[in-house]
Amino acid sequence: MGIWVWVKSWLWALLALTTLTGSGSAAAEIKIGLYLPMTGSAAAMGQMVWEGVQVAHRLKPALLGRPVKLVLVDTKSDRIDAANAMSRLIEKEKVAAVIGEVISSDTLAGAPIAERAGIPNISPTATNPLVTQGRTFAFRACFVDDLQGKVAAQYAREHLQAQRAAVLIDQAQDYCVALANFFMAEFRRRGGQIIAVTYIQTGDQDFTAQISGFKGKNPDLLYAPNYYAENALLARQARELGLKTPILTGDGAQVPELLTLGGPAVEGMVFTAHFHRQALTTELGKQFLKTYEESYQKDLDAFAALGGDCYFLLHQAMEKAGGTDGAKVAQALAETKDFPAVTGRITMGPDHNPVKGVVIIKVEQGKFAYQTTIQP
Amino acid sequence: MKNRLLTLGAVAGLLLLLWGAQRFADEYQVRLLNTAAIFITLALGYHLINGVCGQLHLGPNAFIALGAYTAALLTLTPAEKSRIFFLEPLIWPFSQLTLPFAAALCCGGLVAAGFAFLTGFPVFRVRGDYLAIVTLGFGEVVRVLANNWQGLTNGPLGLKGLAPHTTLWWSWGVAVAALLVITALTRSGYGRAMQAIREDEIAARAMGVDVFRHLMLAYLLSAFFLGVGGGLLAHLVTTISPTLFTFFLTFNLLIIIVVGGLGSATGAVLAALLFTVGGEWLRVVEEPHVLLGFSYPGIPGLRMVIFSLALLLVIIYFRRGLCGGREFTWEGLGRRLRRLKGRIPFGARPQR
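Residues numbered from 1 in each chain as written. Chains lettered and ligands numbered in written order. Predicted model: local features only at pLDDT ≥ 70, side-chain atom pairs only at ≥ 80, totals over all residues. Heavy atoms only, no water.

Quick look at the interface of chain B and chain A
Defined as follows: The contact criterion used throughout is that any non-hydrogen atoms of two residues lie within 4.5 Å. Only one rule defines a salt bridge in this text: a Lys or Arg side-chain nitrogen within 4 Å of an Asp or Glu carboxyl oxygen. Under this definition, polar contacts are N or O atom pairs within 3.5 Å; protein pairs additionally need one hydrogen-donor-capable and one acceptor-capable atom, and for neighbouring residues in sequence, both atoms have to be side-chain atoms.
Residue-level contacts link 45 residues of chain B with 47 residues of chain A. For the pair chain B and chain A, the interface holds five salt bridges. Across the pair Glu287 of chain B and Arg88 of chain A runs a salt bridge, and its minimum N-O distance is 2.9 Å. Seen at the junction of chain B and chain A, the total is eleven residue pairs in polar contact (both at pLDDT 80 or more).

Details of the sheet that holds strand β10 (residues 247-249) of chain A
All names here are of chain A. Condition: Strands are labelled as partners when DSSP assigns at least two bridges between them. Per the convention used, a helix needs a DSSP run of H or I reaching at least four residues, while a strand needs a run of E reaching at least two, with both numbered from the N terminus. All axes here are fitted lines through C-alpha atoms, helices being fitted over the stretch that makes contact, and every angle between N-to-C directions spans 0 to 180 degrees.
Strand order across the open sheet formed by seven strands is β8-β7-β9-β10-β11-β15-β16, with mixed pairing between neighbours. Each edge of the open sheet is held by one strand with a lone partner, namely β8 (193-200) and β16 (367-374). Sheet twist, expressed as the mean angle between neighbouring strand axes with direction ignored, is 25°. Where strand β7 (residues 164-170) lies against β8, seven bridges are found, and the strand directions are parallel. Paired with Asp170 across the bridge in β8 is Ile200. Together, β9 (221-223), β10, β11 (270-273), β15 (358-364) and β16 form the strand contacts of helix α5 (residues 145-158), whose direction differs from that of β16 by roughly 95°. Relative to β10, helix α8 (residues 228-240) is tilted by about 170°, and along the sheet it contacts β7, β8, β9 and β10.

Some remarks on the packing of aromatic side chains
All names here are of chain B. Put simply, the rule reads: Any two rings among Phe, Tyr and Trp, with Trp reduced to its six-membered ring, count as a pair given centres within 6.5 Å; such a pair is stacked if its planes are under 30 degrees apart, edge-to-face if over 60, and tilted if neither. Summary of the burial criterion: residues with accessible area below 20% of their type's maximum are buried, those above 50% are exposed, and those between are partly exposed, where the area comes from a 1.4 Å probe applied to protein chains only.
Applying the stated criterion across every chain, the model contains 23 aromatic pairs over all chains. Arranged with centres 5.5 Å apart and planes meeting at 35°, the rings of Phe121 and Phe212 form a pair that is tilted. Linking Phe121 in helix α5 (residues 101-123) with Phe212 in helix α11 (residues 211-237), this pair joins segments that are 91 residues apart in sequence. Judged by relative accessible area, which is 31%, Phe212 ranks as partly exposed.

Describing the environment of Ala96 of chain A
Residues and elements named next belong to chain A. Mapped onto the elements, Ala96 comes out in the loop between α3 (79-91) and β4 (97-100). Separated by 56 residues in sequence, Ala96 and Ala152 have C-alpha atoms that sit 37 Å apart. Those residues in contact with Ala96 that sit more than four places away from it in its chain are Ile30, Lys31, Ile119, Pro120, Met318 and Thr324.

A short note on the domain arrangement of chain A
Residue and element names in this part refer to chain A. This is how it is decided: Residue ranges labeled as domains rest on an automatic or database domain assignment. Computed with a 1.4 Å rolling probe, the buried area is the accessible surface lost when two parts are put together, summed over both parts.
What the domain assignment reports for chain A is domain 1 (27-143 + 279-356) and domain 2 (146-273). Once you take the C-alpha centre of each, domain 1 and domain 2 turn out to be 30 Å apart. In this complex, domain 1 contributes seven residues to the contact, which on the side of domain 2 involves six residues. Of the roughly 540 Å² buried where domain 1 meets domain 2, counting both sides, 69% is carbon and sulfur surface.

What follows is the structure, encoded as structure tokens:
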């Protein structure tokens, strides 16, 4: 019986807490909701985005003379929870706009709810084309796989002078599959040849069979748009087997672990990316970088930069719309043109996919070195 | 007879509550109620094979995935399909076929049951840990197929833009149907035979119970309800992809039926409610609060800590789950009410 009394008293205390601390929000403030994976498999990315949004909020804490309040809800990196979180933000917190989610599949669960309620929502990093396709209120701050794949092909043809490309795809990741498909189409259109396509699965450790297959065909470029762990292993094994072909990959490589896992083998690896701290061109970007690095004592990364851009994009759209009316803000967002954000000058293209420069980064002396920015 | 009337009354009461919720609750509350009903359906389906028959089946995610994909592919319009399948077109006849939601749900359930029929033969050749491994394997097979069969499932890109067909009537209707069918089955001669198999298979066989037939029956029915639940889930979340149907989903269902008490349908229903609604309610501990001048910043992830502590407490203090294998009955409720009445000193004592 004792345990029951104990459990009961705690439950009552919790209940009392929830009722006592009900939202005592001032009527004047504008609420912006965030649904991010603060726990679960994507927690690291969610936390970086949250940091970026907080810094952006610190730089521009007010809007139309009213204070902005951020409301964060965790999604556990889970789709059912992401849908619940979006619904909670709209119905219970009554937010004017939403930032999130980080993973495409979770964003696909949240976006239709916001669409029905007419709440503008913008994802920092959901690159799956389906996320914004055919929607009025869904946006994103990153470029899509479509654009990244095309730019990779353009860079491969024009800068690397590649003619015969071999492609290695992690088929368990929608991101890798989409990127590879867009790359191959564009590479062929620009007169290149795809001489081999081979598939792997996330978590694979041994790529020697695939590498030997490539070696026999003598490619002059290896396009492997996969995540950092597979990239590092691939580079190591390719160098061990004597395959010296340059490796081109996507933004999934931009993680410090690539360097620690890959060591000297990843030297010279090139990838397309959203952001590099030396590629900053805008005034807002420089201010953001300074504030971020001062408050967190670490280098600004792509996730935090894209998180900041979500906030700035919403901020400028609301200012232009002169209020928080969902339809007007969505329209202002869709009409965003040449907005000087952190990750470059952003123009909203068709299907609410930003058109902006793609950063090219090369691993040089164990560091991510900025090469150039390619405007599509 | 009296019990039947009481059950009928309870269903009518639930309908009234749902009608109220439909009219007055906001979308967030409706969504929670829908999620709860779907998890009740899934937990009950899983309970039939795991709780009633005592077979440690670890592949319900396969049946949920089959139901979800079948129903989703059948309700999407051809125009929507051609837009989603932009990497590789959807294979005929799914590319042209569109069915009403009810028919699609049934097909989802039937496809899941069909898969259960095919896998039932190898699965029930083994028992115990081996059965667990075999079913786990089939669960993975379905997930990997969904990931790689680009022309049918759109691979890792998944399906999106399903119409939100799952209303309170659908989700709770199916949940109530699952509850009625499964309790009726458990109380019938078939159910008694299944419980006999759970307690001692050799003894049951000696008494003339056809073990394979009974297990297969439970497996098929369980798969059907899991499939229908999957279809409902797909049309609630409105997007599915293979990552939704990992072993984690099985794991959550296993937690639900173990916390509820293995072998108790009542426990499965209660634990499913607790898992879905309680999980959302616990979000308050993650929000920032100002209480009596103290400000609390809110810690993301804290609710999972509390949730796991609650699980630990349940396992320590209620070793056989919340219901401990017992069931809710109207007689039990009556006894309890009478006892409660007896405690009130000035109330009329029940007459014997």
